[in-house]
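Summary of the model geometry
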Amino acid sequence: MVDRSNGRDWDLVVAGTSFAGAACALAAAHYGLRVCVLERKRDPGAKLHTTGIVVKEAAEQTWLNRVPPSLVRRVERVRLYAPSLRSLSLAAPGYYFLTTDTPNLMRWLADELRAHGVELRLQQPFTRASRSDGGWQVEGLGGTRYLVGADGAKSRVAECAGLGQVRDFLYGIEHEFAGLRLPEPDALHCFISRRHAPGYIGWVAQNPTGVQLGLALRHRNAKPLRPDIDGFRRRIGELVGLPADLAPTATRAGLVPCGGPVATMTASGVILTGDAAGIVSPVTAGGIHSAWQHGWAVGEAIASHVRGDGPAPESVAERAAPRFRAKRALRWAYDHFQADWPFDLLLHSAPLRWAAEQVYFHQRRTWPGFRRSG
């Protein structure tokens with residue numbers, strides 16, 4: 001039963017069962033808060049936007065280290081393809097990615113929420129909320145001390161609370177091919193192509209249930225383009241073993257933030273996290289690890305503050321948000337100066353390998369040819 005002795009129905013209401021939303025809710029519930037998560041979908045594993053690729057740091061350092069082995073597949077290399085389709089194999093000692101059975105991963109996360117005392121309201125979207133007695137009155141739900149928006153790049157919480165909204169996007173689309181196996185399944189295949197993926201890349205990966213093939217490009221509101229995933233597949237299908245006549249078993253698509261954190265992600269009693277806050281790498285579009293870290297930090301901070309022994313969670317949320325300064329600069333350069341010829345020319349050069357290792361494996365070695373003193 002919910003204890004309403006403080007005059008509110010909930011300590012925390014989270015909009016969205018995203019990775020960030022789940023992290024925030026689990027952290028707060030772990031410390032005994034009364035938490036409710038709102039989700040507009042009937043099935044948390046339906047109509048997904050994420051590729052579900054988890055980096056080593058998230059796999060080992062977050063709640064995701066509890067994921068059932070049947071839902072993940074370890075991939076230890078990256079094969080990077082230049083526009084000419086010449087390729088370079090990349091690896092780092094001990095580093096790996098996990099591809100996932102993403103629909104069932106999200107269903108597992110929903111079960112984790114319920115198992116740890118979170119009230120999960122499926123088919124109940126966040127619509128609006130109003131300030132009330134030092135907290136928020138959420139339409140159709142009741143009163144809460146804190147409201148967290150983890151409801152995606154077009155956040156209704158952000159709009160309702162007058163917070164910053166994401167303005168810069170990639171648009172991605174991904175096809176799934178159940179039961180298919182790649183000739184080289186132990187690599188994440190990444191394709192650079194200004195023709196098919198201006199501002200980003202294409203990718204192919206083996207996951208626990210089959211193969212995922214995706215493509216994303218820079219989204220422009222004034223002149224939106226739809227990725228030519230069929231043309232991309234024709235271009236690379238024979239290379240990676242995708243039959244030309246095979247129909248996808250599932251498709252997912254959506255906008256991905258690429259401009260860094262929004263300028264205003266908090267106000268009194270309300271916080272944005274995950275895609276809603278723009279906490280996604282502007283270069284790789286990877287967001288699971290950073291979103292989970294931020295969501296968990298927000299949930300812990302809210303719990304600590306409600307229990308009376310912590311600082312304002314709004315300030316913690318601001319400090320915990322990664323700024324991606326270098327990656328935002330790389331995003332600007334890629335948007336303005338992307339061309340195919342440097343990748344074709346420099347594919348096997350030491351500088352390009354070094355740069356790729358920074359992006360894919362988070363390596364912190366010095367630039368080739370230079371030696372760190374001391």
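Numbers given to residues run from 1 along each chain, matching the order in which its sequence is written. Residue-level local features of this predicted model are given only where pLDDT is at least 70; pairs of side-chain atoms are given and counted only at 80 or more, and the full residue set underlies all totals for whole chains, interfaces and linings. Side-chain metrics rest on all non-hydrogen atoms present in the structure, leaving aside hydrogens and water.

Details of the pattern of salt bridges
- Only one rule defines a salt bridge in this text: a Lys or Arg side-chain nitrogen within 4 Å of an Asp or Glu carboxyl oxygen. Throughout the structure, instances matching the rule amount to 16 salt bridges.
- The closest approach of N and O atoms between Arg 79 and Glu 184, which form a salt bridge, is 3.0 Å. Placement of Arg 79 in strand S5 (residues 77-81) and of Glu 184 in the loop between strand S12 (169-178) and strand S13 (187-191) is noted, with a sequence separation of 105 residues between them.
- For the salt bridge of Asp 335 with Arg 331, the shortest nitrogen-to-oxygen distance reads 2.8 Å. Helical segments are the DSSP runs of H or I of at least four residues, strand segments are the runs of E of at least two, and each set is numbered from the N terminus.

Examining the sheet that holds strand S7 (residues 97-100)
- By this definition, two strands are paired if DSSP reports at least two bridges between them. Strand order in the open sheet formed by three strands is S3-S7-S4, with antiparallel pairing between adjacent strands. Looking at the sheet topology across the chains shown, the edges are occupied by strand S3 (54-55) and strand S4 (72-75).
- Sheet topology places S4 next to S7; four bridges connect them, and they run antiparallel. In the strand pairing of S7, Arg 73 is matched with Thr 99.

Quick look at helix H1 (residues 19-30)
- Here the expected span of a helix is defined as 1.5 Å times the quantity of residues minus one. The first and last C-alpha atoms of H1 sit 16 Å apart over 12 residues, in line with the 16 Å expected at 1.5 Å per residue.
- The buried fraction of H1 is high, at 11 of 12 residues.
- Burial status follows relative accessibility: with a 1.4 Å probe on protein chains alone, a residue under 20% of its type maximum counts as buried, one over 50% as exposed, and anything between as partly exposed. Of all the residues in H1, the buried ones are Phe 19, Ala 20, Gly 21, Ala 22, Ala 23, Cys 24, Ala 25, Leu 26, Ala 27, Ala 28 and Ala 29.
- At its buried positions, H1 is contacted by strand S1 (10-15), strand S2 (35-39), helix H3 (102-115), strand S11 (142-149) and helix H6 (288-306).
- Trailing H1 by a residue or two, Gly 32 shows a phi angle of about 90°, which is positive. Here, two residues are considered to be in contact whenever any of their heavy atoms come within 4.5 Å of each other.

Here we look at the nonpolar core
- Working definition of a nonpolar core: buried Ala, Val, Leu, Ile, Met, Phe, Trp, Tyr and Cys residues. They are joined through side-chain atoms within 4.5 Å. Membership of the largest hydrophobic core comes to 72 residues, with the highest contact counts inside it found for Leu 12, Leu 64, Trp 292 and Tyr 360.
- Sorting elements by how many residues they give to this core places H1 first, with nine residues.
- Discounting chain neighbours no more than four positions away, the residues touching Trp 292 are Phe 19, Ala 22, Ala 23, Leu 26, Thr 62, Trp 63, Leu 64, Leu 109 and Gly 287.
- Membership of the second largest hydrophobic core comes to 26 residues, among which are Trp 10, Val 13, Trp 136 and Leu 163.

Things to note about a nonpolar patch on the surface
- On the surface, Trp 341, Leu 345 and Leu 346 cluster together into a nonpolar patch covering about 370 Å² of accessible area.
- With respect to the helices, strands and loops of the structure, Trp 341 is situated in helix H9 (residues 341-346).
- Taking the relative accessible area as the measure of exposure, Trp 341 reaches 59% and is therefore exposed. A patch is a set of surface residues, each over 30% in relative accessible area and not in a salt bridge, joined within 9 Å for like charges and within 5 Å for the nonpolar side chains Val, Leu, Ile, Met, Phe, Trp and Tyr. Surface accessibility in these figures is a Shrake-Rupley result with a 1.4 Å probe; residues are shielded only by whichever protein chains are displayed.

With respect to the confidence of the model for the chain
- Chain-level pLDDT for the chain is 92 on average; 95% of the residues reach the 70-or-more range.
- Scored below 50 in pLDDT, residues 1-5 makes seven contacts in the model with residues more than four places away or belonging to other chains.
- A score from 0 to 100, pLDDT tells how confident the predictor is in each residue. Contacts from residues 364-374, a stretch scored under 50 in pLDDT, to residues over four places away or in other chains number 12 contacts.

Some points on the packing of H1 against H6
- For the pair H1 and H6, interaxial distance at closest approach is 7 Å and the crossing angle is 30°. In terms of their interaxial angle, H1 and H6 are classed as roughly parallel. H6 is crossed by H1, and the crossing has right-handed handedness. Packed against H1, whose contacting residues are Phe 19, Ala 20, Ala 22, Ala 23, Cys 24, Leu 26, Ala 27 and Ala 28, the element H6 presents Ile 288, Ala 291, Trp 292, Gly 295, Trp 296, Val 298, Gly 299, Glu 300 and Ala 303 at the interface.
- Three residue categories are used. Nonpolar comprises Ala, Val, Leu, Ile, Met, Phe, Trp, Tyr, Cys and Pro, charged comprises Asp, Glu, Lys and Arg, and polar comprises the others, including Gly. Tallied by class, the residues present in the contact of H1 with H6 amount to 14 nonpolar, two polar and one charged. Only the contacting stretch of a helix is used when fitting its axis, a line to C-alpha atoms as for every element, and angles between N-to-C directions run 0 to 180 degrees. In this scheme, roughly parallel covers angles under 35 degrees and roughly antiparallel covers those over 145, while 65 to 115 is roughly perpendicular and the rest are oblique. Here a crossing is called left-handed whenever its near helix is offset anticlockwise from the far helix by less than a right angle, and right-handed whenever the offset is clockwise.

Things to note about the state of the cysteines
- Working definition: a disulfide is two cysteine sulfur atoms within 2.5 Å of each other. Counted under the stated rule, the structure contains zero disulfides.
- You can see Cys 36 has no disulfide; the closest cysteine sulfur is in Cys 24, sitting 13 Å from it.
- Assessed through its relative accessible area of 0%, Cys 36 is described here as buried.
- Between Cys 160, a cysteine without a disulfide, and Cys 36, which holds the nearest cysteine sulfur, the sulfur-to-sulfur distance is 16 Å.
- The exposure class of Cys 160 is partly exposed, given its relative accessible area of 30%.

Thoughts on the sheet that holds S5
- Reading across the sheet, the seven strands line up as S6-S5-S13-S14-S15-S12-S16 and stay open at both edges, with mixed pairing between neighbours. Sheet topology places strand S6 (87-90) and strand S16 (250-257) at the edges, where each strand pairs with a single neighbour. For this sheet, the mean angle separating the axes of adjacent strands, direction not counted, is 20°.
- Bridge count for S5 against S6 is four bridges, and the pairing is antiparallel.

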